[in-house]
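Coordinate inspection notes
Take a look at the letters that make up each chain.
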Amino acid sequence: MTVAPEKSAELVVPEGHVKLTIDGLEVVAPKGELLIRTAERLGIVIPRFCDHPLLDPAGACRQCLVEVEMGGRPMPKPQASCTMTVAEGMVVKTQHTSPVADKAQQGVMELLLINHPLDCPICDKGGECPLQNQALAHGRADSRFHETKRTFPKPIPISTQVLLDRERCVLCQRCTRFSSQIAGDPFIELLERGAQQQIGIAQEKPFQSYFSGNTIQICPVGALTSAAYRFRSRPFDLVSTPSVCEHCSSGCAERTDWRRGKVMRKLAGEDPEVNEEWICDKGRFAFRYATAADRLLRPMVRDADSGQLRESSWTEALRVAAEGLAKARDEAGGVGVLAGGRLTVEDAYAYGKFARVALRTNDVDFRARPHSAEELEFLAASVVGTSPESGGVTFRQLESAPAVLCVAFEPEEEAPIVFLRLRKAARKGRTKVFHLGQWTSPAVDKTFGTLLPCVPGGEPAAIEGLFFNSGTAEAFEALSGSGSVILVGERAAEVPGLFSSVLRLAERTGAKAAWIPRRAGERGALDAGVLPNLLPGGRQVTDGTARAEVEQAWGLAAGALSAEPGRDTDAILGAAAAGELGGLLVGGVDPYDLADPELALRAIERAGFVVSLELRPSAVTERADVVLPIAPSTEKSGSYLNWEGRRREFGTTLDGTGALPDCRVLDTLAVEMDADLFTQTPAAARANLERLGATASTRRAEPPAVPAPPAPGAGEDGVLLATWHQLIDNGSLQDEEPNLAGTARTPVARLSAATAEQFGVVAGEQVTVATERGSVTLTAEPADLPDGVVWLPLNSGVSRLRRELGAGHGATVSLRPQARGGNS
Amino acid sequence: MGVFDPLKGFGVTFSTMFKKVVTEQYPEDYRPTAARYHGRHQLNRHPDGLEKCVGCELCAWACPADAIFVEGGDNTEDARFSPGERYGADYQINYLRCIGCGLCIEACPTRSLTMTNFYELADDDRQRLIFTKEDLLAPLLPGMEQPPHAMRLGENEQDYYVNGPELARKAGEVAQ
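Rules of the game
Positions within a chain are numbered from 1, following the residues in the order the chain's sequence is written. Going through the entries in the order they are written, you letter the chains from A and number the ligands from 1. Residues qualify for local features only when their pLDDT is at least 70, as the model is predicted, and side-chain atom pairs are given and counted only at 80 or more; totals for whole chains, interfaces and linings, by contrast, use all residues. By convention in this description, side-chain values take in all heavy atoms of the structure and omit both hydrogens and water. Segments assigned H or I by DSSP are reported as helices when at least four residues long, segments assigned E as strands when at least two residues long, and all are numbered from the N terminus. A helix's residues, less one, multiplied by 1.5 Å, set its expected span. The buried label goes to any residue with under 20% of its type's maximum accessible area, the exposed label to any with over 50%, and the partly exposed label to all in between, with areas taken from a 1.4 Å probe on protein chains only. UniProt positions are given in the numbering used here, feature names are shortened, and annotations may be inferred rather than shown by experiment. We call two residues in contact when some of their heavy atoms are within 4.5 Å. Buried area is a sum: the accessible area each of two parts loses on coming together, probed at 1.4 Å, counted once for each and added. When a carboxyl oxygen of Asp or Glu lies within 4 Å of a side-chain nitrogen of Lys or Arg, that pair is called a salt bridge. Polar contact is the term for a pair of N or O atoms within 3.5 Å; when the atoms are in protein, one must be able to donate a hydrogen and the other to accept it, and sequence-neighboring residues count only if both atoms are side-chain atoms. Following the grouping adopted for this structure description, the nonpolar residues are Ala, Val, Leu, Ile, Met, Phe, Trp, Tyr, Cys and Pro, the charged ones are Asp, Glu, Lys and Arg, and the polar ones are all others, Gly among them. Pairs of strands are assigned from DSSP output, requiring at least two bridges between the strands.

1. Quick word on helix α8 (residues 345–358) of chain A
Residue and element names in this part refer to chain A. End to end, α8 covers 19 Å across 14 residues, agreeing with the expected 20 Å (1.5 Å per residue, within 8%). For α8, a buried count of 14 out of 14 residues is recorded, marking the element as mostly surrounded by other parts of the structure. Downstream of α8 by a residue or two, Arg360 has a phi angle that is positive, lying close to 50 degrees.

Given below as structure tokens:
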């Protein structure tokens, strides 16, 4: 029996949608959708250059012309499908069905190519160039233009890392729109008119943006190219491996392109939940530290006779390390573990387990920066275990929050992707952003934010004053809106009482608090239990049930784990310096990141036996007894937890280099000490961690309840120091990158006009900031800081505050103008 | 098998003695190849000695045997190897892989890569059969100068390409 084909059911048009026809196919689209997107959903590709889903429509390149018919009447000319929204009853014909659209597109392509130099062989975009591809697919075979092409001098560096070739430009304005809309750094703009129209920068104003690398990636031609990647390779040479950024706690998806065992470049990966399609320049360009000439490749043991480090075999180094650590553990007062904040979850878990199982101690801490007991309580009570699944704050929530308050957190410098989300949210006018800080930094301006000024160390008092005493404050009301968020940064640990105030504020307003550390590994190490008071999975050391779970999973005798919380980083170093600790196991820790570098160095020297797991020589390896080389993130697999608590898993990019991840080194070292960690590979460590599961214990950690201290004063002669890290600074993961370093913000000392006058400082001239340890001299720049406060970058150029001054955020320093012609 | 078959066989041998010999007495008798024989590659030079290769990797892209490795480099004012921005910093052809198809020659946008008639490409060492840029570069003719040096024949690379044939002729005259 033949059945007549059923007529396809009429398309149902839901509320807020329209029905239209594209290339003879009926489609329902939400109102306001751009034609080019609707066509994309149907699988119809319309060529385009200027259109980008995350940028506002511009209609600049005219490549996406299609024929449109409205209400039975064709529009007189082909229309740009990237700017036209869908409408009821529209009939659209693309180049596939309309000769008019096809001819129009070919004509546009011919015009775009008139002044294009066609220097594809020497262009870095060659092989992955949308213009090249579309010229082949939709262009004419030859040009009718035989006159002289317009030429420009090329290439011109618009910053140390971005090169501009104006001849190749098709004026799609993706770069200018990205810079002004997404990044908020409109240093690059269209100049001139007519045939001379070109992209350019203002004189003496280079393209200094933390996000300039994205313009290279979204440029549809080779007009913007990377200085670091210039002429390095072609797309067909490269193997592309998905990866995760190892720099900040945003956990951006990246694509690592490598050739012959060497990483050539990194590009932004796509993850709408996290980084959308953008990454910062640090994530994009800072990767050559792993191939630095001084990279440690062989284990080293300190020679007993000469006192020098000498290369050794793994067998010897592990034996010496195991013997030394066992001796320090049993006879000399124990061993402390400083893991560092850049570990994957798997490696961090191995450090925590090594401390508890092999060294039988809770003296383990990942915080290689100033920290406090209050922070420990805060992390245990309200951060550990949160994730997008369990209702924690996410990037998306930032975008829909009615208000966001940044406390002791500088989003652009410390977590640039968080900054981009805040700017996106604020730009749409939905979110009000408040910054509790010292001065109107670029991030405050670019997030259309409101500065709630306070002196460094006065943040808790400011919170109490602003929100509790005058309950009608605008910020308080905004934060009371449902879905509001408070973001706390790492320097909150330097301000006593701040975490407690934040929690009180969150409770009062109903806003959610989220902790955004600066380093990629801190959140993972927290959840993996690399803290003196926490076991993996947020289990408290003092909780008997939780301890029993861990003892069972790890195959330990009941009662093997100590119920006493261990020492934190400062206490471990203090004990080692006082000779109370027999040894130290140090991961990727730079002593100059710690609150007191002198104490740290003294502790490492005094400690009887020091084992260092490092990538490159450091102040720790210089003083260590055994140095074990470990793999950089490209040469191992693993996962980071980003600040949301989202797991960011990545595979090995460069296989077979022989470099071992920390978890493998620690596993073998533990075997030498007769303990089994079961962390031979990151996968094994992950499985071992997952077997622990969630805790059955119902005990919750007590949140910190430190009363807010009054705002500090600096006394008559001193000023208070405000400081934070800049994104591009002296960090060791940015070594070997001169092009990136060229876009760092110039270190200056910022202070208010009144403070400058009080101390006789002239704007634009040198000023010296000093403590009894040392001094730093920088150019003074006026800013809207509270009086009696000076701001310096923490670790940029000569401004290395911890090393030179031994001071951090909230410290009291002295200030004096540098005499002209005097020594600096 | 017939009785006369052995004789027949000797007959073939005997008659061959009066035919033209096709065997070549290589290497004593070294015969030239056909003019367009696909022999060893050569990286050509501009008349002033600058390299024509711009390191674009199109030859490597075209190669069906994956025998070519190229890495581009950036010409600077202090060290210029070719006219224009880019030159081939590293260039290797692996003759263990090369099948002599000549697709690389067709791909070359600057006529830098051409093939010579040289065919004595045998060795007992694999490493020596990977020819590097030094092996492949054309010899310096009279009037040429070993790069790096500044552009002698024009202001920019356009001058080299637009006036190329004329320059080559002139260089030839000078050489004579």
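2. What about the UniProt feature "domain: 4Fe-4S Mo/W bis-MGD-type" (unreviewed entry) in chain A?
Per the UniProt entry, the sites bearing "domain: 4Fe-4S Mo/W bis-MGD-type" (unreviewed entry) are residues 238–294 of chain A in this numbering. From the first C-alpha to the last, residues 238–294 of chain A spans 26 Å; its make-up is 9% helix and 35% strand.

3. Topic: the interface of chain A and chain B
At the interface, 18 residues of chain A touch 15 residues of chain B. Surface buried jointly by chain A and chain B totals about 1,500 Å² across both partners, of which 54% is contributed by carbon and sulfur atoms. Linking chain A with chain B are 4 salt bridges. Connecting chain A to chain B are 5 residue pairs in polar contact (both at pLDDT 80 or more). Its residues placed into classes, the side of chain A that touches chain B shows 6 nonpolar, 2 polar and 10 charged.

4. Overview of the pairing of strand β30 (residues 647–650) of chain A
All names here are of chain A. Burial along β30 is one-sided: the residues Arg648 and Phe650 are buried and none of Arg647 and Glu649 is. Bridge count between strand β29 (residues 638–641) and β30: 4 bridges; the pairing is antiparallel. By the bridge assignment for β30, Tyr640 is matched with Arg648.

5. Points about the pattern of salt bridges
Residues and elements named next belong to chain A. Counted under the stated rule, the structure contains 79 salt bridges over all chains. A salt bridge links Arg648 to Asp271, with the shortest nitrogen-to-oxygen separation between them at 2.9 Å. You can see Arg648 sitting in strand β30 and its partner Asp271 sitting in the loop between β14 (262–268) and α6 (281–285), a full 377 residues away along the chain. Between Arg421 and Glu399 there is a salt bridge, with its nearest N and O atoms 2.9 Å apart. Remark: Glu399 occurs in helix α10 (residues 395–400) and Arg421 occurs in helix α12 (residues 416–427); sequence separation between them is 22 residues. Residue Arg421 shares its accessibility class with Glu399, and that shared class is buried. Among the ionic contacts, a cluster of salt bridges with common partners joins Asp365, Arg367, Arg369, Glu375, Glu490, Arg518, Arg519, Glu522 and Asp593.

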